[in-house]
Amino acid sequence: MRLPVWFFGFEGVLAGAFDLLRAFPSAWPALVALAAVNLAVSLTMLRTRLKLAKLLWRGKGTRKVAFALIGLRIGSHVLLGALGTAVASTLGHVLFALVMAVATVGLLAYVQRTALAALLAAGKVAA
(Lines give C-alpha, C1' and ligand atoms only; values in the text may rest on other atoms or scores of the structure.)
Protein backbone atom coordinates (compact mmCIF):
# COMPACT_ATOMS: atom_id res chain seq x y z
CA MET A 1 0.00 0.00 0.00
CA ARG A 2 1.63 3.20 -1.15
CA LEU A 3 0.60 6.54 -2.52
CA PRO A 4 1.11 6.73 -6.29
CA VAL A 5 3.93 9.02 -7.37
CA TRP A 6 1.56 11.02 -9.58
CA PHE A 7 -0.22 12.10 -6.41
CA PHE A 8 2.93 13.97 -5.35
CA GLY A 9 2.58 16.01 -8.54
CA PHE A 10 -0.12 18.01 -6.75
CA GLU A 11 2.36 18.89 -4.03
CA GLY A 12 5.00 19.62 -6.67
CA VAL A 13 2.81 22.20 -8.37
CA LEU A 14 1.91 23.75 -5.03
CA ALA A 15 5.62 23.88 -4.14
CA GLY A 16 6.22 25.91 -7.28
CA ALA A 17 3.11 28.05 -6.74
CA PHE A 18 5.01 31.13 -5.53
CA ASP A 19 7.03 31.34 -8.71
CA LEU A 20 4.11 30.38 -10.92
CA LEU A 21 2.14 33.27 -9.45
CA ARG A 22 5.09 35.61 -9.94
CA ALA A 23 5.31 34.53 -13.59
CA PHE A 24 1.55 34.45 -14.18
CA PRO A 25 -0.34 36.48 -11.54
CA SER A 26 -3.71 35.57 -13.04
CA ALA A 27 -3.06 31.83 -12.51
CA TRP A 28 -4.26 31.81 -8.90
CA PRO A 29 -7.72 30.40 -9.77
CA ALA A 30 -6.04 27.41 -11.43
CA LEU A 31 -3.93 26.82 -8.32
CA VAL A 32 -7.01 27.03 -6.08
CA ALA A 33 -8.79 24.56 -8.39
CA LEU A 34 -5.78 22.24 -8.26
CA ALA A 35 -5.77 22.37 -4.46
CA ALA A 36 -9.48 21.48 -4.50
CA VAL A 37 -8.83 18.57 -6.88
CA ASN A 38 -6.01 17.41 -4.59
CA LEU A 39 -8.37 17.45 -1.62
CA ALA A 40 -11.13 15.66 -3.56
CA VAL A 41 -8.76 12.96 -4.81
CA SER A 42 -7.37 12.51 -1.29
CA LEU A 43 -10.80 12.10 0.23
CA THR A 44 -12.28 9.86 -2.48
CA MET A 45 -9.93 7.83 -4.66
CA LEU A 46 -7.16 7.59 -2.08
CA ARG A 47 -9.36 7.42 1.01
CA THR A 48 -8.09 3.96 1.92
CA ARG A 49 -4.56 5.33 1.87
CA LEU A 50 -5.24 8.26 4.20
CA LYS A 51 -3.98 6.22 7.15
CA LEU A 52 -0.69 5.77 5.34
CA ALA A 53 -0.53 9.47 4.47
CA LYS A 54 -1.10 10.38 8.12
CA LEU A 55 1.65 8.00 9.22
CA LEU A 56 4.00 9.48 6.63
CA TRP A 57 3.26 13.07 7.75
CA ARG A 58 3.95 12.10 11.34
CA GLY A 59 7.34 10.78 10.32
CA LYS A 60 10.44 12.86 10.94
CA GLY A 61 11.66 12.34 7.38
CA THR A 62 8.61 13.96 5.81
CA ARG A 63 8.79 16.95 8.12
CA LYS A 64 12.50 17.31 7.37
CA VAL A 65 11.75 17.33 3.65
CA ALA A 66 9.02 19.94 4.12
CA PHE A 67 11.31 22.22 6.13
CA ALA A 68 14.20 21.62 3.72
CA LEU A 69 12.04 22.64 0.77
CA ILE A 70 10.93 25.79 2.58
CA GLY A 71 14.57 26.52 3.42
CA LEU A 72 15.59 25.90 -0.19
CA ARG A 73 12.88 28.25 -1.43
CA ILE A 74 13.71 31.11 0.94
CA GLY A 75 17.46 30.55 0.97
CA SER A 76 17.83 30.43 -2.79
CA HIS A 77 15.83 33.61 -3.32
CA VAL A 78 17.77 35.40 -0.56
CA LEU A 79 21.10 34.18 -1.95
CA LEU A 80 20.21 35.19 -5.50
CA GLY A 81 19.03 38.59 -4.24
CA ALA A 82 22.28 39.09 -2.29
CA LEU A 83 24.27 38.26 -5.42
CA GLY A 84 22.23 40.79 -7.38
CA THR A 85 20.78 38.15 -9.66
CA ALA A 86 17.26 37.84 -8.30
CA VAL A 87 14.79 35.87 -10.38
CA ALA A 88 12.79 38.54 -12.16
CA SER A 89 11.81 37.21 -15.58
CA THR A 90 8.82 35.04 -16.42
CA LEU A 91 11.12 32.31 -17.74
CA GLY A 92 13.22 32.45 -14.57
CA HIS A 93 10.17 32.02 -12.37
CA VAL A 94 8.85 29.16 -14.52
CA LEU A 95 12.22 27.40 -14.35
CA PHE A 96 12.40 27.96 -10.59
CA ALA A 97 8.88 26.55 -10.18
CA LEU A 98 9.88 23.53 -12.26
CA VAL A 99 12.96 22.90 -10.12
CA MET A 100 10.90 23.17 -6.93
CA ALA A 101 8.23 20.83 -8.32
CA VAL A 102 10.74 18.19 -9.42
CA ALA A 103 12.61 18.40 -6.10
CA THR A 104 9.35 18.07 -4.17
CA VAL A 105 8.07 15.05 -6.10
CA GLY A 106 11.44 13.32 -5.96
CA LEU A 107 11.97 13.89 -2.26
CA LEU A 108 8.42 12.90 -1.31
CA ALA A 109 8.65 9.68 -3.35
CA TYR A 110 11.99 8.88 -1.68
CA VAL A 111 10.65 9.61 1.81
CA GLN A 112 7.61 7.46 1.13
CA ARG A 113 9.78 4.54 0.06
CA THR A 114 12.09 4.75 3.06
CA ALA A 115 9.28 5.46 5.54
CA LEU A 116 7.23 2.54 4.24
CA ALA A 117 10.17 0.24 4.75
CA ALA A 118 10.48 1.45 8.35
CA LEU A 119 6.71 1.17 8.96
CA LEU A 120 6.67 -2.36 7.53
CA ALA A 121 9.59 -3.35 9.72
CA ALA A 122 7.81 -1.92 12.79
CA GLY A 123 4.61 -3.75 11.87
CA LYS A 124 2.54 -0.54 11.65
CA VAL A 125 1.36 -1.24 8.09
CA ALA A 126 0.79 -4.39 6.08
CA ALA A 127 2.53 -5.05 2.79
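Below: a short report on this structure. Fair warning: this is a prediction, and the values are worked out from it, not measured in the lab.

### Section: the overall build of the protein chain
Within the protein chain, the regular secondary structure consists of six helices and zero strands. Along the protein chain, from the amino end to the carboxyl end, the secondary structure elements read α-α-α-α-α-α. Taken over the C-alpha atoms alone, the protein chain extends approximately 50 × 30 × 15 Å along its principal axes. For the protein chain, with 127 residues in total, the buried portion stands at 31%. Pairs at least 24 apart in sequence give 76% of the contacts found in the protein chain among residues at least 6 apart.

### Overview of the packing of helix 4 (residues 50–58) against helix 6 (residues 90–122)
Orientation of helix 4 relative to helix 6, taken along the N-to-C sense of each, is 100°, at an axis distance of 10 Å. As judged from the angle between their axes, helix 4 and helix 6 are roughly perpendicular. For the pair helix 4 and helix 6, the contacting residues are Leu52, Leu55 and Leu56 in the first and Gln112, Ala115, Leu116 and Leu119 in the second. When its residues are assigned to classes, the contact of helix 4 with helix 6 shows six nonpolar, one polar and no charged.

### Section: a nonpolar patch on the surface
The grouping of Phe67, Ile70, Ile74 and Val78 at the surface amounts to a nonpolar patch, some 430 Å² of accessible area in total. With respect to the helices and strands, the residue Ile74 is situated in helix 5 (residues 60–82).

### Points about the pattern of salt bridges
Applying the stated rule across the entire model yields one salt bridge. In this structure, the salt-bridge partner of Asp19 is Arg73, at a minimum N-O distance of 2.3 Å. Here Asp19, found in helix 2 (residues 17–23), pairs with Arg73, found in helix 5; they are 54 residues apart in sequence, far enough to count as distant.

### Some thoughts on the packing of aromatic side chains
Enumeration according to the criterion identifies four aromatic pairs in this entry. Aromatic side chains Phe7 and Phe10 sit 5.8 Å apart centroid to centroid with 75° between the ring planes, which places their arrangement in the edge-to-face category. Phe7 gets classed as buried once you look at its relative accessible area, which sits at 8%. Relative accessible area serves as the criterion here: at 12%, Phe10 is assigned to the buried category. Among the aromatic residues, those joined into a cluster by ring pairs are Trp6, Phe7, Phe8 and Phe10.

### Points about the nonpolar core
Ranked by size, the top nonpolar core spans 20 residues in total, and within it Leu3, Phe7 and Leu52 carry the most contacts. A total of seven residues in this core trace back to one element, the largest contributor, which is helix 6. Dropping the residues within four chain positions of it, Phe7 is found in contact with Asn38, Val41, Ser42 and Leu46.

Cut-offs and rules
What you see as residue numbers is a count from 1 along each chain, following the sequence as written. Whole-chain, interface and lining totals are the exception, using all residues; otherwise, since this is a predicted model, local features are given only for residues with pLDDT of at least 70 and side-chain atom pairs are given and counted only at 80 or more. Hydrogen atoms and water are omitted, and side-chain values are computed over all heavy atoms in the structure. Elements are defined by DSSP. Helices are runs of H or I of four residues or more, strands are runs of E of two residues or more, and each kind is numbered from the N terminus. A simple rule labels every residue: compare its accessible area, found with a 1.4 Å probe on the protein chains alone, to the largest value its type can have, and call it buried under 20%, exposed over 50%, or partly exposed in between. Whether two residues are in contact is decided by their heavy atoms: any pair within 4.5 Å suffices. Axes here mean lines fitted to C-alpha atoms, for a helix over just the part in contact, with angles spanning 0 to 180 degrees between N-to-C directions. Angular relationships are summarised with four words: roughly parallel below 35 degrees, roughly antiparallel beyond 145, roughly perpendicular across 65 to 115, and oblique for the angles in between. Following the grouping adopted for this structure description, the nonpolar residues are Ala, Val, Leu, Ile, Met, Phe, Trp, Tyr, Cys and Pro, the charged ones are Asp, Glu, Lys and Arg, and the polar ones are all others, Gly among them. Patches here: salt-bridge-free residues with over 30% relative accessible area, like charges joined within 9 Å, nonpolar side chains (Val, Leu, Ile, Met, Phe, Trp, Tyr) joined within 5 Å. With residues, only the protein chains shown are counted as cover, and all accessible areas are computed by Shrake-Rupley using a 1.4 Å probe. A pair is scored as a salt bridge if a Lys or Arg side-chain nitrogen falls within 4 Å of a carboxyl oxygen belonging to Asp or Glu. Whether two aromatic rings pair depends on their centres lying within 6.5 Å, for rings of Phe, Tyr and Trp, where Trp uses its six-membered ring; planes under 30 degrees apart make the pair stacked, over 60 edge-to-face, and the rest tilted. To form a nonpolar core, buried Ala, Val, Leu, Ile, Met, Phe, Trp, Tyr and Cys residues must be joined to one another through side-chain atoms within 4.5 Å.

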